[in-house]
Amino acid sequence: MSLLSHFDHPVEDAQQAFRHIIKALSEPGVLVALPHSTGWQPLNPASTSLLLTLADQETPLYLDPLINSDTAQQNVRFHTGAPLTASTSKACFALFSPQITEKQLADCPAGNELSPEHSATVIIQADSLHQGTPLRLRGPGIEHYRAIAPLLPTVVLNYLLNRPVAFPAGIDFLLTCGGNLMAIPRTTHVEVC
């Protein structure tokens, strides 16, 4: 077993990470830095911080095979207690590489009108949060609009532009790159600039 570090200062870093995650979710498109300096490879530092902060024994986690490893699995189990699932349809959190497929995303639970809380939170390890298609965000947490340009997989971009399920159901997206996080929750309307 190869256990890697968790937060340097577990209580303070977890509190700081939680505040930054809430800021990202309440202000869609805003870039925040998370406190974990190294990730559980192949998980980047921001994805590692997210899991350390949000995952627990009651939140099944799906790890995309392209970013899954024995080390990542061991550390997720040891540090968070989150059960790993081989099916995206049973996940509360689903962590994907940029090569996410349409089927993988379609299988993620989106909740429904009566139980929107039964949706998955999808974490995408993006290659860049600045070099993609220019997008305009509108909705709660945004005064007029916010322009962003994350490098999104085509499948995710299509989902965001077409939102196949009506609010309050839907998927919340957390985009990570290095130690940075950007959120696009289900309440956000997305269009190409």
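This write-up is about the structure you can find in this document. Given the structure is predicted, the values throughout are model-derived calculations rather than measurements.

**Examining the environment of Ala 14**
Right, so step 1: Mapped onto the elements of the fold, Ala 14 is located in helix α1 (residues 10-26).
Right, so step 2: Among the residues examined, Ala 14 registers a relative accessible area of 24% and is labelled partly exposed.
Right, so step 3: Between the C-alpha atom of Ala 14 and that of Gly 170, which follows or precedes it by 156 residues, the distance is 27 Å.
Right, so step 4: Filtering out sequence-adjacent residues up to four positions away, Ala 14 remains in contact with Phe 7, His 9 and Thr 53.

**Brief notes about the sheet that holds strand β5 (residues 135-138)**
Right, so step 1: As summarised here, the arrangement of the three strands in space is β6-β5-β9, forming an open sheet in which the pairing is antiparallel. Each edge of the open sheet is held by one strand with a lone partner, namely β6 (146-148) and β9 (189-192). Neighbour-to-neighbour, the strand axes of the sheet open up by a mean angle of 30°, direction not taken into account.
Right, so step 2: Where β5 lies against β6, three bridges are found, and the strand directions are antiparallel. Directly across from Leu 137, in β6, lies its bridge partner Arg 146.

**Regarding the sheet that holds strand β7 (residues 172-177)**
Right, so step 1: Spatial ordering of the open sheet is given by β1-β8-β7-β4-β3-β2, a layout of six strands whose pairing is mixed. Each edge of the sheet is formed by a strand with only one pairing partner; in this case those strands are β1 (32-33) and β2 (61-63).
Right, so step 2: Relative to strand β8 (residues 180-184), β7 runs antiparallel, the two being bridged by five bridges. From the neighbouring strand, Leu 174 faces β8, where its bridge partner is Ala 183.

**Quick word on the state of the cysteines**
In a disulfide, the sulfur atoms of two cysteines are held together by a covalent bond.
Right, so step 1: Counted by the stated rule, this structure contains zero disulfides.
Right, so step 2: The thiol of Cys 92 is not disulfide-bonded; the next cysteine sulfur, from Cys 108, is found 11 Å away.
Right, so step 3: Classification of Cys 92 by relative accessible area gives partly exposed; the value is 29%.
Right, so step 4: Residue Cys 193 stays outside any disulfide, its sulfur separated by 20 Å from that of Cys 177, the closest cysteine.
Right, so step 5: Residue class for Cys 193 comes out partly exposed when judged on its relative accessible area of 49%.

**Considerations on a nonpolar patch on the surface**
Right, so step 1: Among the surface-exposed residues, Phe 18, Ile 22 and Leu 25 lie close enough to one another that they form a single nonpolar patch of about 240 Å² accessible area.
Right, so step 2: With respect to the element layout, Phe 18 can be found in helix α1.
Right, so step 3: Taking the relative accessible area as the measure of exposure, Phe 18 reaches 40% and is therefore partly exposed.

**Quick word on the packing of α1 against helix α2 (residues 45-54)**
A packed helix pair is summarised by two numbers, namely the angle formed by the two axes and the spacing between the axes.
Right, so step 1: Running from N to C, α1 and α2 cross one another at 105°; their axes reach a closest spacing of 9 Å. By the criterion of interaxial angle, the relationship of α1 to α2 is roughly perpendicular. Residue-level contacts link Ala 14, Ala 17, Phe 18 and Ile 21 of α1 to Leu 50, Thr 53 and Leu 54 of α2.
Right, so step 2: Per-class residue counts for the contact of α1 with α2 are six nonpolar, one polar and no charged.

**Considerations on the pairing of strand β3 (residues 93-96)**
Right, so step 1: With burial as the criterion, each face of β3 is covered, one bearing Phe 93 and Leu 95 and the other bearing Ala 94 and Phe 96.
Right, so step 2: You can see the chain leave β2, run along helix α3 (residues 70-80) and come back into β3, and the turn it takes is left-handed.
Right, so step 3: Handedness of the crossover joining β3 and strand β4 (residues 121-125) through helix α4 (residues 102-107): right-handed.

**Considering the environment of Ile 100**
Right, so step 1: You can see Ile 100 is positioned in the loop between β3 and α4.
Right, so step 2: Ile 100 sits 54 residues away from Thr 154 along the chain, and the two C-alpha atoms are 8.9 Å apart.
Right, so step 3: Once residues within four sequence positions are removed from consideration, Ile 100 is found in contact with Leu 105, Ile 124, Pro 153, Val 155 and Val 156.

Conventions adopted
Residue numbers restart at each chain and count upward from 1, following the sequence in its written direction. Whole-chain, interface and lining totals are the exception, using all residues; otherwise, since this is a predicted model, local features are given only for residues with pLDDT of at least 70 and side-chain atom pairs are given and counted only at 80 or more. Computation of side-chain values: all heavy atoms of the structure, hydrogens and water removed. Numbering of helices and strands runs from the N terminus, with a helix taken as a DSSP run of H or I at least four residues long and a strand as a DSSP run of E at least two residues long. Per-residue accessibility, obtained with a 1.4 Å probe over protein chains only, is compared with the maximum for each type, and a residue is labelled buried under 20%, exposed over 50%, and partly exposed between these values. Residues count as neighbours in contact if any of their non-hydrogen atoms are within 4.5 Å of one another. Only strands that DSSP links by at least two bridges are regarded as paired with each other. Orientation is described by axes fitted as lines to C-alpha atoms, over the contacting stretch for helices, and by angles from 0 to 180 degrees between their N-to-C directions. The term disulfide is used for any two cysteine sulfur atoms that are within 2.5 Å. What makes a patch is a set of residues exposed beyond 30% relative accessible area and free of salt bridges, joined within 9 Å when like-charged and within 5 Å when nonpolar (Val, Leu, Ile, Met, Phe, Trp, Tyr). Here the Shrake-Rupley method, with its probe set to 1.4 Å, supplies the accessible areas, and only the displayed protein chains count as covering residues. Here, a salt bridge means any Lys or Arg side-chain nitrogen found within 4 Å of an Asp or Glu carboxyl oxygen. Each angle is binned into one of four classes, with values under 35 degrees roughly parallel, values over 145 roughly antiparallel, values of 65 to 115 roughly perpendicular, and all other values oblique. Note that Gly is not counted as nonpolar here; it falls among the polar residues with everything else outside the nonpolar set of Ala, Val, Leu, Ile, Met, Phe, Trp, Tyr, Cys and Pro and the charged set of Asp, Glu, Lys and Arg. We call a crossover right-handed when, viewed with the strands running away from us, the connection from the first strand over the helix to the second turns clockwise.

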